[in-house]
Amino acid sequence: MAARLSHSFHGVPAKVTPIFRWFESRIDPFAKRPERPVPRDVLAFLRFFVAQARWVFAAMLVLGGLTALIEAMLYVFVGWLIDLMGEGERATFFTDHWPLLLAMAATLVVFRTLVATLTALVEEQAVVPGFFNLVRLQSHDRVMRQSMAYFQDEFAGRVSQKVWQAGQAAGDFMVSLLQVSWYIVVFAISTFALFTGLDWVFGALIVAWVAMFALAARFFVPRIRVRARDVSHAASGVTGRLVDTYSNIQTVKLFGDQSHEEEGMRSGYLTFLDRLKTFTRTLTTARFFMSGASGVMMATIGGFAIAAWQRGTLTPGDVAIVLGLMLRLNILLNRLMNQLNGLFRNLGTLQDSAEMITRKVTVTDAADAVPLDVREGRIAFSSVTFDYGREDGVLRDLTLAIEPGERVGIVGRSGAGKSTLVNLLLRFYDVDRGLIEIDGQDVSTVTQRSLRGAIGMVTQDTSLLHRSIRENIVYGRPDADEDAIRKAARRAHADRFIAELSDRRGRRGLDAHVGERGVKLSGGQRQRIAIARVLLKDAPILVLDEATSALDSEIEAAIQESLSELMEGKTVIAIAHRLSTIAAMDRLVVMDEGRIVEEGTHQDLLARGGLYSDLWKRQSGGFLAADEAA
């Protein structure tokens, strides 16, 4: 019964399924990306991926040529039949010419069908699922190596669209080039050979026709390519804004003016439409020119064919061959112009994607990078300067040593450089000058994966992945068992609300999905999931950036106990505007304008009467006053 259902569902006989699977396995979309750099030039970018599927495209090239030859022979068959019918006896036509008729039928029914089927298998079973997605997945792998600055400078929707369209454009380009354009080229060559065999004048006319087409293509195609790239870039800007709006829909509805939002969208659309109209005008002009030129050439060739028939140098069958091939060539050349438009539209789209995908990675592992070995957890910032590429520095010649197991609170006004300090420790950015070490190991000489694997972090703005609660908790430790997951949730005081969660597909508890960025949960619930994730990860270095800011007082007090347990034996850096949450740290470091201005315990700093004391006095309800945080 199951086999019959499977057969019915897939719509193909079970016996031919292995054939489909064989072609589908020719290109592995999950193949590891070659170690050599992905080229930025669009043709080199395309070759980088095509080289990984060269035999599939070689087969497509051969099959495209065979298809064109068979197509040309069909017109030859028509000419032969007309001559045979005019010369032979009707009553004995089949018996007199059965070998030739059988060969024609076999070509039409067997060989043509076989070539068409193989072509479909290569394109639909190998290229579409394999090559399209190989380009997408390897482009995604390249993008994921980019630094945080890359993603902060671009719309997330724009990046994702360009990764996706890279696979579509690269695949469509190769299919059009090898299966359609190459087919047309082979057909044109076959037509030239057949025409020349009838009369050299026809061959000369075909050469003139193709030369005229080539000149038109040389003029129009580069313009089409540039304008296609401009259209693609403008389109990705529009979709990027759409995604930005949808991703921040709460902010838009709370603070946005509908007319203002529509005006922003209208502005992007006007740019897109302006470039689209320029592009389509070029296409229309090219089609006008080609239509007129083809009309002149068809009239000329038809006139010569009739004149040759009048002179007796061509038979009616020859005229049928000439006129049939001429009409077909006209259709194919027009199609080729459209294909060139599509080719270079895809090439322009691919170029637009390649420019983003291959952008230089600013934070990379050194060639000899080794895994970080955290023995004690000592952290040292030595004369660190960093400015995010601006003239005014964010951190200026900062030196700070944090001993193994020490719990250090970082305090300061907004913009003092507290979060930047942590971003540099995690190597989201590279320092401009200076050195950051963990247990004597320069963080720029170890692998980024091992560095971030050694640091557990809870941030103020907690975003969750649109996946299940379980997947979000185990993200830093995917091999954790169910007991460990539930224990982490319990220690983060998240177990009760998790047990009550249900999504609209009926998934409950740890299996419930949380929505994009975790929007189905409150800020406090998201924060507790993030804390559970860090508890489960159990990294030797802990970073808390306003970790309890989204929690109410009762939950915060309970979680502080769990965090205190978590801090045991770890090196801790805690950032907070609510000074009461870090007053009990071993040491407080006060930053101002990118420098450390004070260090000491809570009591020492209060007694000193400096900036920390002033901030403490100005607090209202445990937070820095608004004028200090501005």
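Look up a bit, the structure's there.
My aim in this report is to walk through the structure given alongside it, one point at a time. Not measured: the values here are computed from a predicted model.

1. Remarks on the sheet that holds strand β1 (residues 379-386)
In step 1: Spatial ordering of the open sheet is given by β2-β1-β4-β5, a layout of four strands whose pairing is antiparallel. Among the strands making up the open sheet, the edge pair consists of β2 (395-402) and β5 (441-442).
In step 2: For strand β4 (residues 433-438) and β5, the ladder comprises two bridges, and the chain directions are antiparallel. Residue pairing for β5: Ile438 is matched across the bridge by Gln441.

2. Focus: unusual backbone geometry
In step 1: At Asp439, a position not held by glycine, the phi torsion is positive, near 50 degrees.
In step 2: Position of Asp439 among the secondary structure elements: in the loop between β4 and β5.
In step 3: Judged by its relative accessible area of 8%, Asp439 falls in the buried class.
In step 4: Here the phi dihedral of Glu593 falls at roughly 55 degrees; this positive angle occurs in a residue that is not glycine.
In step 5: Its place among the elements puts Glu593 in the loop between β9 (587-592) and β10 (595-600).

3. A few points about the packing of aromatic side chains
In step 1: Following the criterion strictly, the structure yields six aromatic pairs and no others.
In step 2: Centroid distance Phe57 to Phe131: 4.9 Å. Interplanar angle 85 degrees. Geometry classified as edge-to-face. Of the two residues, Phe57 sits in helix α4 (residues 54-87) while Phe131 sits in helix α5 (residues 93-144), which places them 74 residues apart along the sequence.
In step 3: An angle of 25 degrees between the planes, with centres 6.4 Å apart, marks the rings of Tyr612 and Trp616 as stacked. With Tyr612 and Trp616 both in helix α20 (residues 611-618), this residue pair falls four residues apart, about one helical turn.
In step 4: By relative accessible area, Tyr612 is classed as buried at 0%.
In step 5: When the ring centre of Trp22 is taken as reference, the NZ or CZ atom of Arg26 above it lies at 4.0 Å.
In step 6: Directly above the aromatic system of Trp164 lies the positively charged group of Arg136, at a separation of 3.7 Å from the ring centroid.

4. Some remarks on the packing of helix α15 (residues 482-491) against helix α17 (residues 523-537)
In step 1: For the pair α15 and α17, the least separation of the axes is 8 Å and the interaxial angle reads 130 degrees. Overall, the two elements α15 and α17 adopt an arrangement that is oblique. The two elements α15 and α17 meet at a crossing, and its hand is right-handed. Here Ala484, Ile485, Ala488, Ala489 and Arg491 of α15 lie close against α17, whose contacting residues are Ala532, Leu535 and Leu536.

5. Some words on a nonpolar patch on the surface
In step 1: A cluster of nonpolar side chains, namely Met73, Trp80 and Leu100, defines an oily patch on the protein surface of about 230 Å² accessible area.
In step 2: With respect to the element layout, Trp80 can be found in helix α4.

6. Let's talk about the sheet that holds strand β6 (residues 455-458)
In step 1: On the basis of which strands lie adjacent, the open sheet formed by six strands has the order β6-β7-β8-β3-β9-β10 and mixed pairing. Of all the strands in the sheet, just β6 and β10 have a single pairing partner and so form its edges. Across the sheet, the axes of successive neighbouring strands diverge by a mean angle of 20 degrees, strand direction being ignored.
In step 2: By the bridge criterion, five bridges tie β9 to β10 in an arrangement that is antiparallel. Paired with Met591 across the two strands is Ile596, which belongs to β10.
In step 3: On the sheet, helix α12 (residues 418-425) packs against β3 (407-412), β6, β7 (541-545), β8 (571-575) and β9 and is oriented at approximately 145 degrees with respect to β8.
In step 4: Lying over the sheet, α17 contacts β6 and β7, oriented at roughly 170 degrees with respect to β6.

7. Notes on the nonpolar core
In step 1: Grouped together as the largest cluster of nonpolar side chains are 59 residues, with contacts concentrated most on Phe57, Val127, Phe131, Met174 and Leu350.
In step 2: If you list the elements that add at least two residues to this core, you get α3 (42-50), α4, α5, α7 (156-198), α8 (200-247), α10 (258-311) and α11 (316-357).
In step 3: Among the elements that take part in this core, α8 stands out by supplying 11 residues, more than any other.
In step 4: Counting 44 residues, the second largest nonpolar core, distinct from the first, contains Ile469, Ile498, Leu544 and Tyr612.

8. Looking at the side chain of Lys570
In step 1: In this structure, Lys570 sits in the loop between α18 (553-567) and β8.
In step 2: Separated by 2.7 Å, the side chains of Lys570 and Asp538 make a polar contact.
In step 3: Lys570 has contacts with Gly405, Glu406, Asp538, Ala539, Pro540 and Leu542, leaving out every residue within four places of it along the chain.

9. What about α17?
In step 1: In this model, α17 (15 residues) spans 21 Å end to end at C-alpha, consistent with the 21 Å of a helix rising 1.5 Å per residue.
In step 2: Summarising burial for α17: 12 of the 15 residues are buried, a large majority.
In step 3: By the burial criterion, the buried members of α17 are Gly524, Gln525, Gln527, Arg528, Ile529, Ala530, Ile531, Ala532, Arg533, Val534, Leu535 and Leu536.
In step 4: Looking at the residues trailing α17, positive phi occurs at Asp538, about 55 degrees.

10. Some remarks on the pairing of β4
In step 1: The pairing of β1 with β4 spans five bridges and is antiparallel. For Ser382, the partnering residue across the bridge sits in β4 and is Leu435.
In step 2: Turn length for the β4-β5 hairpin, with the two strands adjacent in sequence and antiparallel, is two residues, and the turn residue Asp439 shows positive phi of about 50 degrees.

11. What about the environment of Ala293?
In step 1: For Ala293, the location among the structural elements is in helix α10.
In step 2: For the pair formed by Ala293 and Ala216, sequence separation is 77 residues and the distance between their alpha carbons is 9.8 Å.

12. Some thoughts on the pattern of salt bridges
In step 1: Under the definition given, this model contains 15 salt bridges.
In step 2: For the salt bridge of Glu406 with Arg587, the shortest nitrogen-to-oxygen distance reads 2.8 Å. Of the two residues, Glu406 is situated in the loop between β2 and β3 and Arg587 in strand β9; the sequence distance between them amounts to 181 residues. Taken individually, Glu406 and Arg587 each receive the classification buried, so the pair is uniform in this respect.
In step 3: With its nearest N and O atoms 2.7 Å apart, the salt bridge here joins Asp538 to Lys570. Note that Asp538 is positioned in the loop between α17 and β7 and Lys570 in the loop between α18 and β8, a separation of 32 residues in sequence.
In step 4: According to the relative accessible area criterion, Lys570 is buried, its value standing at 8%.
In step 5: Among the charged side chains, a salt-bridge network with shared partners connects Arg470, Glu482, Arg486 and Asp511.

Cut-offs and rules
- Residues numbered from 1 in each chain as written.
- Predicted model: local features only at pLDDT ≥ 70, side-chain atom pairs only at ≥ 80, totals over all residues.
- Heavy atoms only, no water.
- Pairing = 2+ DSSP bridges.
- Helix = DSSP H or I, 4+ residues; strand = E, 2+ residues; numbered from the N terminus.
- Buried < 20%, exposed > 50% of the residue type's maximum accessible area, 1.4 Å probe, protein only.
- Phe/Tyr/Trp six-rings, centres within 6.5 Å; stacked < 30°, edge-to-face > 60°.
- Lys NZ or Arg CZ within 6 Å of the ring centre and 35° of its normal.
- Axes fitted to C-alpha atoms, helices over the stretch in contact; angles between N-to-C directions.
- Parallel < 35°, antiparallel > 145°, perpendicular 65-115°, else oblique.
- Left-handed = near helix turned anticlockwise from the far one by under 90°.
- Contact = heavy atoms within 4.5 Å.
- Patch = residues over 30% accessible without salt bridge, like charges linked within 9 Å, V, L, I, M, F, W, Y side chains within 5 Å.
- Areas by Shrake-Rupley, 256 points an atom, 1.4 Å probe, with all protein chains shown as cover.
- Salt bridge = Lys/Arg side-chain N within 4 Å of Asp/Glu carboxyl O.
- Core = buried A, V, L, I, M, F, W, Y, C linked by side-chain atoms within 4.5 Å.
- Polar contact = N/O pair within 3.5 Å; in protein donor to acceptor, adjacent residues only side chain to side chain.
- Expected span 1.5 Å × (residues − 1).

Don't take any of this as a statement about function, it's just geometry.
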